[in-house]
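# Commentary on secondary and tertiary structure
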Amino acid sequence: MDSEEKKNLPRRKFFINGIKAVVGFFGLSLSIPLAGFFISPVLKKNAPGWIEIADVPALTAGEPVGITYKYARKDGWEMSEIRKTAFVLKQADGNIAAFSNRCTHLGCGVTWDPAARRFKCPCHGGVFDAQGKVLEGPPPKPLAQLAVKVEANKIFINEA
Amino acid sequence: MNRIYQFIDERLHLGPLISEIANHPVPDHANLLKTPKAIIYCFGGMVFFILLLQVLTGVFLMFYYVPSPDHAYASVTYIRQETAFGGLLQSVHRVGASAAVVMVMLHMLRVVLTGSYKNPRELNWVVGVFLLLLVAGFSFTGYLLPWDQKAYWATTVGVNMIAGIPLIGGFLADALRGGSEVGALTLTRFFVIHVMVLPALLTIFLAAHFFMIRRQGISRPL
Ligand code: HEM
Ligand code: FES
């Protein structure tokens, strides 16, 4: 290292720091908008609200009934129709409960077996009782309860 | 940071490579810190910087853009109105496209005025002409993608200009459109040219351009 180069060292350090600062500035000011752009649809609320799915008099106490309901959902730049199934159950005391049909293991659709009086999952043998409690198989949690309200004998559910 | 670098450097000996790339003096006449007149030597680098920004914003716009007549316009509207920073990114991409063209022009003007296209740099001028065509190609194909009225008719006019070439013009225009009218096939063609074909070519020609600049050095002052 000759003396010429020695003299240049602080200057070189200055430039390296300068380059770091400039790259850092651009990196930061770009990464915030880019990350926000990428993630923003995830942060949007897109809940359908209360959906009317059944009439109270059509139900028999203790007998879950699977009801497929539809709603329009904004799906990116288009509207798409979502179809889902919920089980509504009139309890012995007349209260109404509703369960999602999605198995709490990995999300397959359970069906009600009236003879066995069980919900059964076709995928890995998950079994639930009429109240949604796990009886057998891998599901870790009972079937998800949906919010329910009854107005003028009509049953509404709310997923959120 | 330092330890990660050390780990890699111990194994790959990057030091000499990095100084090969970064450790060479900029001649005084092209050094902005020495003379303000050197700004004319910065235009090429500015084009390069803008192109990097275009790649970055372009990749992100593609997360939402759909190159199909029934979704293109809706997806662009979605980007602008419903995503965070989408309007900003689209604007940067649009303004950047124009800025790249302006900067390329200024860069060429500098090369002409300093006579830098002469022996031994003729080949780099030729590569430069291809770079100019590529930048123009990006602008032309990108303009169609929003699929609004302006996009549609600008492309109709632009392709009809190509149809004016004697003998092969009609065939070229049809090949570009994927038929006799601007339509769904034109949109997917232009999209693939814009996001795949031109970037690949640009990378190759930029590598050649930069290799020659390093090999031959910046031309001497007038
Ligand atoms: C994508 C577009 C282009 C980029 C990113 C680019 C980049 C650069 C850069 C960074 C330099 C170093 C000196 C300076 O910045 O002035 C340079 C030099 C040069 N460019 Fe370009 N350039 C582009 C297009 C063109 C075009 C369109 C031409 C001419 C048709 C051209 C011809 C040249 C020549 C001949 C040199 C050598 C000049 C000298 O040694 O003094 N370039 N280019
Ligand atoms: S998904 Fe129902 S048991 Fe696995």
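Remember, it's a predicted structure, so these values are computed and weren't measured experimentally.

### Structural notes on the overall build of chain A
- Counting secondary structure elements, chain A contains one helix and 10 strands.
- Starting at the N terminus and walking to the C terminus, you meet the elements of chain A as α-β-β-β-β-β-β-β-β-β-β.
- Scaling as 2.2 N^0.38, a compact globule of 160 residues should have a C-alpha radius of gyration of about 15 Å, whereas chain A reaches 29 Å, well beyond that.
- Projected onto the principal axes, the alpha-carbon positions of chain A cover approximately 95 × 35 × 25 Å.
- Relative to its full complement of 160 residues, chain A shows a buried share of 28%.
- Residue pairs at least 24 apart in sequence account for 46% of intrachain contacts in chain A once pairs closer than 6 positions are excluded.

### A closer look at the confidence of the model for chain B
Residue and element names in this part refer to chain B.
- Mean pLDDT for chain B: 95, with 100% of residues reaching 70 or above.
- Put simply, helix α2 (residues 14-22) is where chain B has its lowest mean pLDDT, 83, and helix α6 (residues 122-144) is where it has its highest, 98.
- Across the whole predicted complex the pTM is 0.83, and at the interface the ipTM reaches 0.85.

### Structural notes on the packing of aromatic side chains
- A complete count under the given rule lists 19 aromatic pairs over all chains for this structure.
- When the centroid spacing of 5.4 Å and the interplanar angle of 70° are considered together, the rings of phenylalanine 60 of chain B and phenylalanine 63 of chain B count as edge-to-face.
- With a centroid separation of 5.8 Å and an interplanar angle of 65°, the aromatic rings of tyrosine 117 of chain B and tryptophan 125 of chain B are classed as edge-to-face.
- The exposure class assigned to tryptophan 125 of chain B is partly exposed, which follows from its relative accessible area of 30%.
- The ring of phenylalanine 156 of chain A carries the charged tip of lysine 149 of chain A above its face, separated from the ring centre by 5.5 Å.
- Above the plane of the ring of phenylalanine 7 of chain B lies arginine 11 of chain B, whose end atom (NZ or CZ) is 3.6 Å from the centre.

### Here we look at the domain arrangement of chain A
- Here the domain parsing of chain A yields domain 1 (1-43) and domain 2 (50-158).
- Inter-centroid distance (C-alpha atoms) of domain 1 of chain A to domain 2 of chain A is 55 Å.

### A few points about the coordination of the iron atom of ligand 1
- In this structure, His107 of chain B (NE2) and His209 of chain B (NE2) serve as the protein donors to the iron atom of ligand 1, at separations of 2.0 to 2.1 Å.
- In this structure histidine 209 of chain B comes out as buried when scored by relative accessible area, which is 11%.

### Remarks on the state of the cysteines
All names here are of chain A.
- Applying the stated criterion across every chain, the model contains one disulfide over all chains.
- Cysteine 108 shares a disulfide with cysteine 123; S-S distance 1.9 Å. On the sign convention where negative is left-handed, the bridge of cysteine 108 and cysteine 123, at about -95° about the S-S bond, is left-handed. Of the two residues, cysteine 108 is situated in the loop between β4 (96-100) and β5 (111-113) and cysteine 123 in the loop between β6 (118-120) and β7 (127-128); the sequence distance between them amounts to 15 residues.

### Some thoughts on the packing of helix α3 (residues 43-61) of chain B against helix α5 (residues 86-113) of chain B
Residue and element names in this part refer to chain B.
- In the contact formed by α3 and α5, the axes pass within 9 Å of each other and the chain directions differ by 155°. It follows that α3 is roughly antiparallel to α5 by the angle criterion. Along this stretch, α3 crosses α5, giving a crossing that reads as left-handed. Of α5, the residues touching α3 (which contributes Phe43, Gly44, Met46, Val47, Ile50, Leu51, Leu53, Gln54, Thr57, Gly58, Phe60 and Leu61) are Leu89, Gln90, Val92, His93, Gly96, Ala97, Ala99, Ala100, Met103, Val104, Leu106 and His107.

### What about the site of ligand 1?
Residues and elements named next belong to chain B.
- Looking at ligand 1, there are 26 residues lining it, with His107, Arg110, Gly128, His209 and Ser219 nearest.
- A distance of 3.1 Å separates an oxygen atom of ligand 1 from a polar atom in the side chain of serine 116.
- Residue serine 219 places a side-chain N or O atom 2.6 Å away from an oxygen atom belonging to ligand 1.
- Elements supplying a minimum of two residues to the shell around ligand 1: α3, α5, α6 and α9 (184-216).

### So, the environment of phenylalanine 85 of chain B
- Position of phenylalanine 85 of chain B among the secondary structure elements: in the loop between α4 (72-82) and α5.
- Taking relative accessible area as the criterion, phenylalanine 85 of chain B reaches 38% and is therefore assigned partly exposed.
- Put simply, phenylalanine 85 of chain B and leucine 131 of chain B are 46 residues apart on the chain and 30 Å apart in space, counted from C-alpha to C-alpha.
- Setting aside chain neighbours within four positions, we find phenylalanine 85 of chain B in contact with Ile32, Pro33, Gly36 and Phe37 of chain A.

### A closer look at the sheet that holds β7 of chain A
Residue and element names in this part refer to chain A.
- One open sheet holds the four strands; their spatial order is β5-β6-β7-β8, and the pairing between them is antiparallel. Of all strands in the sheet, those with a lone pairing partner are β5 and β8 (134-136), marking the two edges.
- The sheet contact formed by β6 and β7 spans two bridges and is antiparallel. Bridge pairing in β7 places lysine 120 opposite valine 127.

### Re the pattern of salt bridges
- A full pass over the atoms with the stated rule returns 11 salt bridges over all chains.
- In this structure, glutamate 63 of chain A and arginine 117 of chain A form a salt bridge, with 3.0 Å as the shortest nitrogen-oxygen distance. One end of the pair, glutamate 63 of chain A, is in the loop between β1 (51-55) and β2 (65-75); the other, arginine 117 of chain A, is in the loop between β5 and β6, with 54 residues separating them in the sequence.
- The class of glutamate 63 of chain A is partly exposed, set by a relative accessible area of 27%.
- The partly exposed category is assigned to arginine 117 of chain A, whose relative accessible area is 34%.
- Connected via shared salt-bridge partners are Lys44 and Lys74 of chain A together with Glu82 of chain B.

Thresholds applied
- Residues numbered from 1 in each chain as written.
- Chains lettered and ligands numbered in written order.
- Predicted model: local features only at pLDDT ≥ 70, side-chain atom pairs only at ≥ 80, totals over all residues.
- Heavy atoms only, no water.
- Helix = DSSP H or I, 4+ residues; strand = E, 2+ residues; numbered from the N terminus.
- Rg over C-alpha atoms; globule rule 2.2 N^0.38 Å.
- Buried < 20%, exposed > 50% of the residue type's maximum accessible area, 1.4 Å probe, protein only.
- Contact = heavy atoms within 4.5 Å.
- pLDDT = per-residue confidence, 0-100.
- Phe/Tyr/Trp six-rings, centres within 6.5 Å; stacked < 30°, edge-to-face > 60°.
- Lys NZ or Arg CZ within 6 Å of the ring centre and 35° of its normal.
- Domains from an automatic or database assignment.
- Donors = N, O, S within 2.8 Å, 3.2 Å for Na, K, Ca; no water.
- Disulfide = S-S within 2.5 Å.
- Axes fitted to C-alpha atoms, helices over the stretch in contact; angles between N-to-C directions.
- Parallel < 35°, antiparallel > 145°, perpendicular 65-115°, else oblique.
- Left-handed = near helix turned anticlockwise from the far one by under 90°.
- Near = heavy atom within 4 Å.
- Polar contact = N/O pair within 3.5 Å; in protein donor to acceptor, adjacent residues only side chain to side chain.
- Pairing = 2+ DSSP bridges.
- Salt bridge = Lys/Arg side-chain N within 4 Å of Asp/Glu carboxyl O.

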